[in-house]
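Tertiary structure, described
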Amino acid sequence: MATPHQLSGFLESVERRAFKQAMFAVHEEEAALDIVQDSMMKLAEKYGDRPEEEFPMLFQRILQNTIRDFYRRSKVRSMWTTVLSAFGGDEDDEHDPLDTLLGDQDTDGPSTPESELLRSQTLAAIEEELKKLPARQREAFIMRYWEDLDVAETASAMGCSEGSVKTHCSRATHTLAAALAAKGIRL
């Protein structure tokens, strides 16, 4: 069972990323802050006594449901989007071509202002293309490669099968790679 200190530490560690997700989903700063606060309160009140290793999956599910509730209440049918600030996922069975953007810079030599600018522009292009993905593909992609959840955890958080998660991630990855290649960005 998690201690209050562990719960507090977890919430502190996910606060910024959760705000970014909510902000890009609803495009309103106050609403995004409310969504994150509500999600954190729900986790603490209903699941604060769970083991610490369950927090990431539970919080993702709560956050996604809170965002959906916001859309239901406001009857907004726009797409769910987010900033791409980090990719995770070291699964051997899947290769994410976007991982190369965030790889060790030591392998390419020292970081230069030019390489940092190029990287920043590439990440902005990826963010723009993420906004165009269908909601379920974007959600699966973010959970798998940004939140570093495995297929089973993502399926549980999304309320779908593992096969659906794999399909959504595959389609999202291929769509992003094709769109970026069309812009002259090779990963």
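Residues numbered from 1 in each chain as written. Predicted model: local features only at pLDDT ≥ 70, side-chain atom pairs only at ≥ 80, totals over all residues. Heavy atoms only, no water.

Along the backbone of the protein there are seven helices and zero strands. In the protein, the succession of helices and strands from N to C terminus is α-α-α-α-α-α-α. Counting across all 187 residues of the protein, residues that qualify as buried make up 41%. On the protein, roughly 10,500 Å² of surface is accessible, and the fraction owed to carbon and sulfur atoms is 50%. (Helix = DSSP H or I, 4+ residues; strand = E, 2+ residues; numbered from the N terminus. Buried < 20%, exposed > 50% of the residue type's maximum accessible area, 1.4 Å probe, protein only. Areas by Shrake-Rupley, 256 points an atom, 1.4 Å probe, with all protein chains shown as cover.)

Before going further, it helps to spend a moment on helix α7 (residues 162–182). With 21 residues, α7 extends 30 Å from end C-alpha to end C-alpha; this agrees with the ideal 30 Å at 1.5 Å per step. Taken together, the buried positions of α7 are occupied by Val165, His168, Cys169, Ala172, Thr173, Leu176, Ala179 and Leu180. Along the axis of α7, the buried positions cluster into a sector of 140°, meaning they face one direction only. Residues of α7 that are exposed and angled more than 90 degrees away from the buried face: His174 and Ala182. On the buried face of α7, the contacting elements are α4 (113–132), α5 (135–145) and α6 (151–158). Count one or two residues on from α7 and you reach glycine 184, which has phi positive near 85°. (Expected span 1.5 Å × (residues − 1). Arc of directions from axis to C-beta. Contact = heavy atoms within 4.5 Å.)

A separate point is the confidence of the model for the protein. Here the protein shows a mean pLDDT of 78. Residues at 70 or above account for 79%. Looking across the protein, the model is least confident in α4, with a mean pLDDT of 82, and most confident in helix α2 (residues 29–47), with 93. Here residues 76–93 is a poorly scored stretch, pLDDT under 50, and it has 62 contacts once near neighbours within four places are set aside; other chains count. Predicted confidence is poor over residues 102–108, with pLDDT under 50, and the contacts of this stretch with residues over four places away or in other chains come to six contacts. (pLDDT = per-residue confidence, 0-100.)

Let us now look at α5. A large share of α5 lies buried, amounting to nine of its 11 residues. Considered for burial, the residues of α5 that qualify are Gln137, Arg138, Glu139, Ala140, Phe141, Ile142, Met143, Arg144 and Tyr145.

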